[in-house]
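Each chain, letter by letter, is given below.
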Amino acid sequence: MAGVVRWEGSLHDVIFRGLRLCGENGSEGCWFEARFWRDAVVWDNLYYYGVRLSRRSKRERSMPRVKKISEVLDILKQKDQIRNIGTIAHVDHGKTTTTDSLLAAAGLLSPTLAGRALALDYLEEEQQRQMTIKAANISLYYEMNGKPYIINMIDTPGHVDFSGRVTRALRAIDGAIVVVDAVEGVMTQTETVVRQALEERVRPVLYINKIDRLIKELRLTPDKIQETLARIVMDVNRLIEMYAEPQYKQKWKVSFQDGTVAIGSAKDRWGFTIPQAQKRGIKFSDVMKAFQNNDLDWLRENAPLHEAILEMVINHHPPPHVAQKYRIPKIWKGDIESEVGQAMVNCDENGPAVMIVTDVKVDPQAGVVATGRLFSGTVREGDTIQIVGRNISRRIQQVTVYMGPNREIVGTLPAGNIPALLGIDEARAGDTLATVDLVPFESMRYVSEPVVTISVEPKHSKDLPKLVDFLNKLSIEDPTLVTTVRPETGEYLISGMGTLHLEIALTWISKAGIEVVASKPIILYRETVSKKGKVYEGKSPNKHNRIYIQVEPLEEEIIELIRKGELFNEMDRKQIAKILREHGWDADMARSVWHIDPRGNILVDMTKGAQYLQESKALIIAGFQDVMERGPLAEEAMRGVKAILVNVELHEDPVHRGYAQIVPATRRTLYASILSADPILLEPILKIEAKVTPDLMGAVTSVITSKRGRVLNVTQQEYITVITGEIPAAETFDLSEVMRSATMGKAFWATEFYAWKPVPASLREKVIQEIRKRKGLPPEIPKISDFVESA
């Protein structure tokens, strides 16, 4: 046994020097004290990989030591001892603080720091803002009834601007801990993440956090507290009833009796489920007494939070081989009876390797790290794996697992786990990696669409290549952040889910040492048509080719299918035809789909016996994509357009029907038809939900209406009034300041993307002129005669 060793330095330095020392001494564990600069002169104790604590309570002494990676690997081969879980919740309801307690239990964090360290918020930006931005992965070791378990855990962000990261995390996990603040209750984003989880067939359990607020802030009686908790459980069950599939509606509901609901306080590190409380003889009156006597240590000692949550997870969340039996048919559209289908359903480590990438990070030293869920097979260093559908094969250079921000090299990992692979540089979130050919997993469905843009340019021109590289890296790591270059102005545009999303992106750019000048945030609009357009002849510049296209509005339900990722261009054409026929399309038209644009537009070929058409197909599609990217009103993207190719007359000589002839002809006929179909401008509308005391209801409704918004619903819940409304995104830039001053900061409110709606006629002209001016376009909207001769 080593003596007491004292070091100063950062948390990670101390941990790893401690590890090395313990390894050198070959001892079971060793004592050491660490001093953190963050806590000034606070001497603290760490307990990590066999590094023991010097002041340990009885319960801490009985906690298992975290195993070496070799021991962990043995457990990772026993599927019934693995759980893949995540924490999901509204912003600031306490997901990361809850996770701290679990890290302390697994020995990855000093118990005295848990609840304050926010260890999984490992980015400096997250620590400063006290919110989670990335989705951090970690593997925890826990022993229950003498049996060891490995719990692969992902801590996800709660802010609506980062919901893309939640969507990706849910694909990798089988169970979710829904964290709800006891005072705020079920909020907008809680509903969104529960809906996302149920769509991916991820089973929820409930943890009601911040019980101390009910006792200390609201000073509620035990009866009132029980009423409040029962209402939260009822609200969560209502969401499950609403969004779960029929076979899971009853089975997955949460209740106190069966131990699928835990209550506690993550900050104070205590919590329990009813079965645990009964076993230990703890009553709610004991909790009240502990608060009255200010004896939280008693609560921590007798009802530690990590036991409540980890035992709830082990008892109620399924191991991977059980979960995949019902999840694979939902998230994979291939043949379940095929060899690869059966290997995934049974989570067979001897089958072909199939992995879906859920997160991609760019490590400055190691390059691209692709993390995801391995559904079947085993990944090993040196194996060759292909990116399905993109004809790219790469050799795996390293197989690792994440422990917070650090990766541990494991060399090989069987099905049912969450590996992080190095060497597959082209992988992106949503890609399917496999050793055999198969139907890729359906595309990821993001709840929100990018609606806010900023333009950035480097302060010093020498930084331009650096900025381009960094923007590429950003869009690799976060596909919901769209970066484009506008060639005519040389601006770099970054589009995101909201102003916070873009603010964080700018912070990361400046952290990379690139000084940029950013514009004010700009709202993205969409253009669409409101009626059937006329057919116009689009001539090529050499007058040898003629193309005739007619546009009409696309049905809203079809746009929704495209937005949800249930209808996309890479799908089998027979499958597309089947879906469209089910939604009322005629068989001929459903069979003739040429291209599906992800923004919600479709190109259909209804020509009969046209010559040379197949050779020009790719060029006509390119012209169609060009117009869908830049509509005629303000060069904003188009949405909800069905373009029908009616006829073509093409020159017999291929020289006269190249790119420079066919694309302009396609654009001309399309623009003319769109302008004849009463084009309109659509703006993004956000749904707003505010919770206030009844006396502030008038203040909130007047803020919503003053911002061109509409109040949709007002409901009364005990001592809180819930106001639901809709508000145009263009009016929300100063919403937080206005709402704060109107309600004296007493409103809990949140917004999320809701729908695209037409800009009011009174504002339309002004908005179009502003956009055209900003983009350097002539003020007049083009006329039909600008594109075709016989207007």
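Residues numbered from 1 in each chain as written. Predicted model: local features only at pLDDT ≥ 70, side-chain atom pairs only at ≥ 80, totals over all residues. Heavy atoms only, no water.

Teacher, can you tell me more about the overall build of the chain here?
Within the chain one finds 25 helices and 37 strands. Residues classed as buried in the chain amount to 59% of the 791 residues present. Partitioning the contacts of the chain with sequence separation of at least 6, the portion at a separation of at least 24 is 71%. Total accessible area computed for the chain in this model is approximately 32,200 Å², and 50% of it derives from carbon and sulfur atoms. (Helix = DSSP H or I, 4+ residues; strand = E, 2+ residues; numbered from the N terminus. Buried < 20%, exposed > 50% of the residue type's maximum accessible area, 1.4 Å probe, protein only. Contact = heavy atoms within 4.5 Å. Areas by Shrake-Rupley, 256 points an atom, 1.4 Å probe, with all protein chains shown as cover.)

Please explain the side chain of E689 as it appears in this structure.
You can see E689 is positioned in strand β34 (residues 679-692). With no salt bridge to any partner, buried E689 finds its closest opposite charge in K691, at an N-O distance of 4.7 Å. Excluding its chain neighbours within four sequence positions, the residues that come into contact with E689 are V186, M187, T188, V722, I723, F748, W749 and A750. (Lys, Arg positive; Asp, Glu negative; His and termini not counted. Salt bridge = Lys/Arg side-chain N within 4 Å of Asp/Glu carboxyl O.)

In this structure, what is going on with the pattern of salt bridges? I would like to understand it.
For side chains of opposite charge, pairing can occur when their charged atoms come near one another. Under the definition given, this model contains 39 salt bridges. The partner of R599 in a salt bridge is E629, with the nearest N and O atoms 3.7 Å apart. Placement of R599 in the loop between β30 (593-597) and β31 (601-605) and of E629 in helix α21 (residues 613-629) is noted, with a sequence separation of 30 residues between them. For E615, the salt bridge goes to R657, with nearest N and O atoms at 3.0 Å. With E615 in helix α21 and R657 in the loop between β33 (641-649) and α22 (659-675), the pair connects residues that are 42 residues apart, well separated along the chain. In this structure R657 comes out as buried when scored by relative accessible area, which is 6%. Overlapping salt bridges, with partners in common, bring together D174, R327 and R373 in one network.

How should the packing of aromatic side chains be read in this particular structure?
A ring pair, where both rings are aromatic, is described by two values, the distance of the centres and the angle of the planes. According to the stated counting rule, one finds seven aromatic pairs in the structure shown. Through successive ring pairs, a cluster of aromatic residues spans Y248, W252 and Y326. Geometry around Y243 places R195 over its ring, the cationic atom sitting 5.8 Å from the centre. (Phe/Tyr/Trp six-rings, centres within 6.5 Å; stacked < 30°, edge-to-face > 60°. Lys NZ or Arg CZ within 6 Å of the ring centre and 35° of its normal.)

Help me out: how do you make sense of unusual backbone geometry in this one?
Positive phi is not limited to glycine here, since K210 has a value of about 60°. Tracing the sequence through the fold places K210 in the loop between β9 (203-209) and α8 (211-216). Non-glycine residue E635 carries a positive phi angle of around 55°.

Sorry if this is basic, but what is going on with α22 here?
Given 3.6 residues per turn, any residue in an α-helix points the same way as the ones three and four places further on. When the terminal C-alpha atoms of α22 are compared, their 24 Å separation across 17 residues agrees well with the 24 Å that a helix rising 1.5 Å per residue should span. For α22, a buried count of 12 out of 17 residues is recorded, marking the element as mostly surrounded by other parts of the structure. (Expected span 1.5 Å × (residues − 1).)

What am I meant to see in a nonpolar patch on the surface here?
On the surface, M697, V711 and V714 cluster together to form a nonpolar patch covering roughly 190 Å² of accessible area. Within the secondary structure, M697 is located in helix α23 (residues 697-706). (Patch = residues over 30% accessible without salt bridge, like charges linked within 9 Å, V, L, I, M, F, W, Y side chains within 5 Å.)

Explain the pairing of strand β8 (residues 175-181) here, please?
Two faces, one strand: in a regular strand the side chains alternate between the faces of the sheet. Taking burial as the measure, the seven residues of β8 include seven buried ones, the bulk of the element. This β-α-β element, β8 to helix α7 (residues 188-199) to β9, shows right-handed connectivity. (Right-handed = clockwise from strand over helix to strand, strands pointing away.)

Just checking my understanding: could you explain the confidence of the model for the chain for this structure?
When pLDDT drops low, the exact placement of atoms in the prediction is not to be read closely. In this model, the chain carries a mean pLDDT of 78, and residues with pLDDT of at least 70 account for 81%. Low pLDDT, under 50, characterises residues 1-67; the stretch is placed with 143 contacts to residues that sit more than four places away or in other chains. In this model, residues 107-136 is a region of pLDDT below 50 whose contacts with residues beyond four sequence positions or in other chains number 114 contacts. (pLDDT = per-residue confidence, 0-100.)

So what exactly am I meant to see when it comes to the packing of α21 against α22 here?
How two helices sit against one another is set out by the angle between their axes and by the gap between those axes. Packing of α21 against α22 leaves a shortest axis separation of 8 Å and a crossing angle of 45°. On the basis of the axis angle, α21 is oblique to α22. At the point where α21 passes α22, the crossing takes the right-handed sense. Residue-level contacts link S616, L619, I620, A622, G623, F624, D626, V627 and M628 of α21 to Y659, I662, V663, T666, R667, L670, Y671 and I674 of α22. For the contact of α21 with α22, the residue count by class is 12 nonpolar, three polar and two charged. (Axes fitted to C-alpha atoms, helices over the stretch in contact; angles between N-to-C directions. Parallel < 35°, antiparallel > 145°, perpendicular 65-115°, else oblique. Left-handed = near helix turned anticlockwise from the far one by under 90°. Nonpolar A, V, L, I, M, F, W, Y, C, P; charged D, E, K, R; others polar.)

Is there a simple way to think about the sheet that holds strand β28 (residues 536-539) in this case?
Within a sheet, neighbouring strands are paired by backbone hydrogen bonds and run either parallel or antiparallel to one another. Spatial ordering of the open sheet is given by β28-β29-β33-β31-β30, a layout of five strands whose pairing is mixed. In this open sheet, the two edge strands, each paired with only one partner strand, are β28 and β30. Averaged over all pairs of adjacent strands, the angle between strand axes in this sheet comes to 25°, irrespective of strand direction. The pairing of β31 with β33 spans four bridges and is parallel. Residue pairing across strands places I602 opposite K642, the latter belonging to β33. Lying on the sheet, α21 is in contact with β29 (546-553), β30, β31 and β33; it crosses β30 at an angle near 25°. (Pairing = 2+ DSSP bridges.)

Mind showing me how you'd approach helix α13 (residues 305-316) here?
Compared with the 16 Å implied by 1.5 Å per residue over 12 residues, the 17 Å span of α13 between its first and last C-alpha is a close match. With respect to burial, α13 is a largely interior element, 11 of its 12 residues being buried. When we look at burial in α13, the residues that qualify are L305, H306, E307, A308, I309, L310, E311, M312, V313, I314 and H316.

I'm lost on the packing of α23 against helix α24 (residues 735-743) in this one. Help?
Running from amino to carboxyl end, α23 crosses α24 at an angle of 155°, the nearest separation of the two axes being 9 Å. The pairing of α23 with α24 is recorded here as roughly antiparallel in orientation. α24 is crossed by α23, and the crossing has right-handed handedness. Residues A699, V700 and V703 of α23 touch α24, and the partners they reach there are L735, V738, M739, A742 and T743. Taken together, the residues that form the contact of α23 with α24 break down as seven nonpolar, one polar and no charged.

What is the right way to read the nonpolar core from this model?
Most often, soluble globular proteins have nonpolar side chains that are buried together. The biggest cluster of nonpolar side chains holds 52 residues, and the ones touching the most others in it are L206, I208, I211, I225, L229, I263 and F272. Considering every element that reaches this core, the biggest residue donor is helix α9 (residues 222-243), with seven residues. Formed by 43 residues, the second largest nonpolar core is a distinct cluster that contains V456, L682, V703 and I771. (Core = buried A, V, L, I, M, F, W, Y, C linked by side-chain atoms within 4.5 Å.)

How should the side chain of R639 be read in this particular structure?
Mapping R639 onto the fold places it in the loop between β32 (637-638) and β33. Exposure remark for R639: the relative accessible area of 7% places this residue in the buried category. Ignoring any residue separated from it by four or fewer positions in sequence, one finds R639 in contact with R526, E527, T528, E556, I559, R563, R599, G600, N601, L682 and W756.

Help me understand the environment of G538, please; the structure alone is not making it clear to me.
If you trace the backbone, G538 turns up in strand β28. Overall, the relative accessible area of 0% leaves G538 in the buried class. Leave out the neighbours within four places in its chain, and G538 touches N545, R546, I547, A665, R668 and T669.

Looking at this structure, how should I read the environment of D437?
Relative to the helices and strands, D437 resides in the loop between β21 (432-434) and β22 (452-458). A polar contact is formed between the side chain of D437 and the side chain of Q386, at a distance of 2.9 Å. (Polar contact = N/O pair within 3.5 Å; in protein donor to acceptor, adjacent residues only side chain to side chain.)

Looking at this structure, I do not really get the environment of I602. What am I missing?
In this fold, I602 is placed in strand β31. Classification of I602 as buried rests on a relative accessible area of 0%. The spatial distance from the C-alpha of I602 to the C-alpha of I644 is 8.5 Å, given a sequence separation of 42 residues. What I602 contacts, discounting residues up to four positions off in sequence, is L554, I558, I562, W585, V593, H595, I596, F624, V641, K642 and A643.

Just checking my understanding: could you explain the pairing of strand β24 (residues 491-496) for this structure?
Most of β24 sits out of view: six of its six residues are buried. In this structure, β22 lies alongside β24, joined through five bridges in antiparallel fashion. For V456, the partnering residue across the bridge sits in β24 and is Y492.

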